[in-house]
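# A look at the structure
These are the residues of each chain, in order.
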Number of protein chains: 2
Amino acid sequence: MSGSVRVVVDAMGGDHAPQVPVRGAIDALKESGDIYICLAGVKETIEKELDKYEYPKDRLEIVPASQIIETAEPPVMAIRSKKDSSIVVGQTMVRKQEADAFVSSGSTGAVLVGGQVIVGRIKGVERAPLAPLIPTARGMSLLIDCGANVDARPSHLVQFAKMGSIYMENIVGVDKPRVGIVNIGAEEEKGNALVKETFPLLKECTDLNFTGSIEAREIPAGAADVVVCEAFVGNVILKLYEGVGATLISKIKESMMSSLRTKMGAMLVKPALKDTLRSFDISRHGGAPLLGLKGLVVKTHGSASATEIKNAIFQCRQFKEQEIAEKIKENFAV
Amino acid sequence: MSGSVRVVVDAMGGDHAPQVPVRGAIDALKESGDIYICLAGVKETIEKELDKYEYPKDRLEIVPASQIIETAEPPVMAIRSKKDSSIVVGQTMVRKQEADAFVSSGSTGAVLVGGQVIVGRIKGVERAPLAPLIPTARGMSLLIDCGANVDARPSHLVQFAKMGSIYMENIVGVDKPRVGIVNIGAEEEKGNALVKETFPLLKECTDLNFTGSIEAREIPAGAADVVVCEAFVGNVILKLYEGVGATLISKIKESMMSSLRTKMGAMLVKPALKDTLRSFDISRHGGAPLLGLKGLVVKTHGSASATEIKNAIFQCRQFKEQEIAEKIKENFAV
């Protein structure tokens, strides 16, 4: 099994479960011979869904889990009480090293809590940040942290910068990733208490390519490869990215349907425009890793498509091949 | 002079001073007979610019100010040391009630500091928030606070909600403005320490139409009329709004110029598309008021157009007519 990767996919998580996660898993299996999938969830439901497909049966197994954690459930309670849920069962396999990674479109809160308490943090890592890739004019940047760990301390942000750099260098292939801290002005003396305390600490890190403050305006232009912020701000950035994009695109579509003239024009520009808008669609980029854990946990959108699930599975393979967890471990060894 | 408004315009502030502020002031004068303008700045420079125009000379005067505060100067120091700058001279006129309002495209920091220390806060107002109108799918929302007062306390946010509601009701004409607090989830128990403490305080305010948490994703859709947040988050929202919009629009333009076919299509959709994009351009909406001061201070973009300056001047008239400062004063009377 050397060179291969074993990924547990949460078959019960997301708006279109089990159809979408099952489809994404099968697409990944068919596209790549070194992937092994465990589908965690209600056995009968998964079997019924699998019946629709032809697939390499020797590389897929069902891991039974009878319970389902709903999005609205308080995460800590859900993880504690639903021991036979797909999220708990799947993450336990990662902790026991029976699988390399866990991919879920289910409750973000439960996946994050499970990552910390079931899979567990690498020694020395104070917090495990959720770090999605976001599209920019230059390609992709890593936004770290967008998780549930609000009210971070400066030392957390420094760790985010380090883990983000390792990820961008080894997974995305960016040489000396530029690290910027989200701030409300470019000058060192600007910012809130957290940013002012973190700034000099980042400057001291000789292993980082710290380029200073980055204003939110510059993020979509791709002014930093690793965009460091605490989770509340990161969450606002991620969701506003989606919101502004969606509203603007719907307004553009509306204006293109406003007259016969514009409708004719729309027919001509549509194919090119569609590609452009797709490249800037934040929800298309295969899931966000929870970094700093002993195994990999990837959170995909609740509304993720089968392609996003498939890409998340491929990300798990790359994560294992590049030994990201080991590199973080070395970096944080005390 | 009853019914009229007297506005000091900073003739030296912004990327295109004195041309743009002078032009904006003259346009306002010509369009409305009840506006009186004082142009603050270097006398000879302003005179030379005024020579280009025909305008109602009885409603415009020059207020000499020999110094200029540059954008890069530390604001507190600049306000203290440059007593004869257009920003200090203009705001001093507002404090002395020689003018109703001050409009500037100059240094944001200096304008904000000057507002607090020169014009001064209304009794009971703990902090003066900067509150720009932002475009949404439903019209406009007020984003409060985007200023320089980071690390706010819950009581500040409650005051922002109240001042914002008064503004939206009386200036924008929204009946019972919906107040939302920016959060990372819809549930009351979510959020950082600041939001969790502020939430119950807002719920207690019977004079507010508090609708709960608002996720950043919902802001562009217009899910709240008054979007309450502390300044760091507000600044990130405002600038990301600009950034995502600008990047997306430049990508769309690029894709439309990619082939002969798309170029032909672009010609047909261009006029309608231009109107749409303009309606969503955050920089076109006439300046952001600094609320809670004894007089009005309006900050316009450094790159503001003459139309933005003109609209900011009209906003000053409405602010006076609707007695916003008096309404805030009543609301905050202890």
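Heads up: the structure comes first, above all this text.
What this report covers is the structure whose coordinates are included nearby. Nothing here was measured: the structure is a model prediction, and the numbers come from that model.

### Observations concerning the interface of chain A and chain B
- The partner chain B presents 52 residues to the 52 residues of chain A that form the contact.
- For the pair chain A and chain B, the number of links is four salt bridges.
- Put simply, Glu215 of chain B and Lys239 of chain A hold a salt bridge, and the shortest N to O gap is 2.3 Å.
- Counting across the chain A and chain B interface gives ten residue pairs in polar contact (both at pLDDT 80 or more).
- Of all the secondary structure elements, the ones that give two or more residues to the side of chain A that touches chain B are β7 (178–183), α7 (193–204), α8 (231–256) and α9 (260–279) of chain A.

### Side note on the relation of the copies chain A and chain B
- Superposition record for chain A on chain B: RMSD 0.1 Å, screw rotation 180°, translation along axis 0.0 Å. Within this description, the copies of the chain are treated as partners about a two-fold rotation axis. Scanning chain A for the C-alpha nearest the rotation axis identifies Gly265 of chain A, at a separation of 1.8 Å.
- A shared binding surface is used by both copies, with 100% of the interface residues of chain A retained as interface residues in chain B.

### Concerning the packing of aromatic side chains
- Evaluation of the coordinates by the stated rule reveals four aromatic pairs over all chains.
- Aromatic pair Tyr167 of chain B and Phe319 of chain B: ring centres 6.4 Å apart, planes at 50°, arrangement tilted. Separated by 152 residues along the polypeptide, Tyr167 of chain B in helix α6 (residues 154–172) and Phe319 of chain B in helix α10 (residues 306–321) bring together distant segments of the chain. Like Tyr167 of chain B, the residue Phe319 of chain B is buried in the burial classification.
- Lying across the ring of Tyr55 of chain A, Lys57 of chain A places its NZ or CZ 4.5 Å from the centre.

### Brief notes about the sheet that holds strand β6 (residues 139–144) of chain B
- Strand order in the open sheet formed by five strands is β5-β6-β9-β7-β8 (chain B), and the pairing between neighbours is mixed. Edge positions in the sheet fall to β5 (133–136) and β8 (209–215) of chain B, since each has one partner strand and no second. When strand polarity is set aside, the average angle formed by the axes of neighbouring strands in this sheet is 30°.
- Sheet strands in contact with α8 of chain A are β5, β7 (178–183) and β8 of chain B, and its direction is about 125° off that of β7 of chain B.
- Here helix α8 (residues 231–256) of chain B sits on the sheet in contact with β5, β6 and β7 of chain B, set at roughly 50° to β5 of chain B.

### Some thoughts on the state of the cysteines
Residues and elements named next belong to chain B.
- Under the criterion given, the structure shown has zero disulfides over all chains.
- Cys316 carries a free sulfur, and the closest cysteine sulfur to it, the one in Cys38, is 12 Å from it.
- Residue Cys316 is classed as buried on the basis of its relative accessible area of 2%.

### Here we look at the pattern of salt bridges
- Scanning the model with the defined rule gives 24 salt bridges over all chains in all.
- Taking the shortest distance from any N to any O, the salt bridge between Glu73 of chain A and Lys82 of chain A comes out at 2.8 Å. Across the pair, exposure class does not vary: Glu73 of chain A and Lys82 of chain A are buried alike.
- A salt bridge links Asp27 of chain B to Arg23 of chain B, with the nearest nitrogen and oxygen atoms 3.2 Å apart. Placement of both Asp27 of chain B and Arg23 of chain B in helix α1 (residues 19–31) is noted, with a separation of four residues, approximately one turn of the helix.
- Here Arg23 of chain B falls in the partly exposed class, since its relative accessible area comes to 38%.

Conventions adopted
- Residues numbered from 1 in each chain as written.
- Chains lettered and ligands numbered in written order.
- Predicted model: local features only at pLDDT ≥ 70, side-chain atom pairs only at ≥ 80, totals over all residues.
- Heavy atoms only, no water.
- Contact = heavy atoms within 4.5 Å.
- Salt bridge = Lys/Arg side-chain N within 4 Å of Asp/Glu carboxyl O.
- Polar contact = N/O pair within 3.5 Å; in protein donor to acceptor, adjacent residues only side chain to side chain.
- Helix = DSSP H or I, 4+ residues; strand = E, 2+ residues; numbered from the N terminus.
- Least-squares fit on C-alpha atoms with pLDDT ≥ 70 in both.
- Phe/Tyr/Trp six-rings, centres within 6.5 Å; stacked < 30°, edge-to-face > 60°.
- Buried < 20%, exposed > 50% of the residue type's maximum accessible area, 1.4 Å probe, protein only.
- Lys NZ or Arg CZ within 6 Å of the ring centre and 35° of its normal.
- Pairing = 2+ DSSP bridges.
- Axes fitted to C-alpha atoms, helices over the stretch in contact; angles between N-to-C directions.
- Disulfide = S-S within 2.5 Å.

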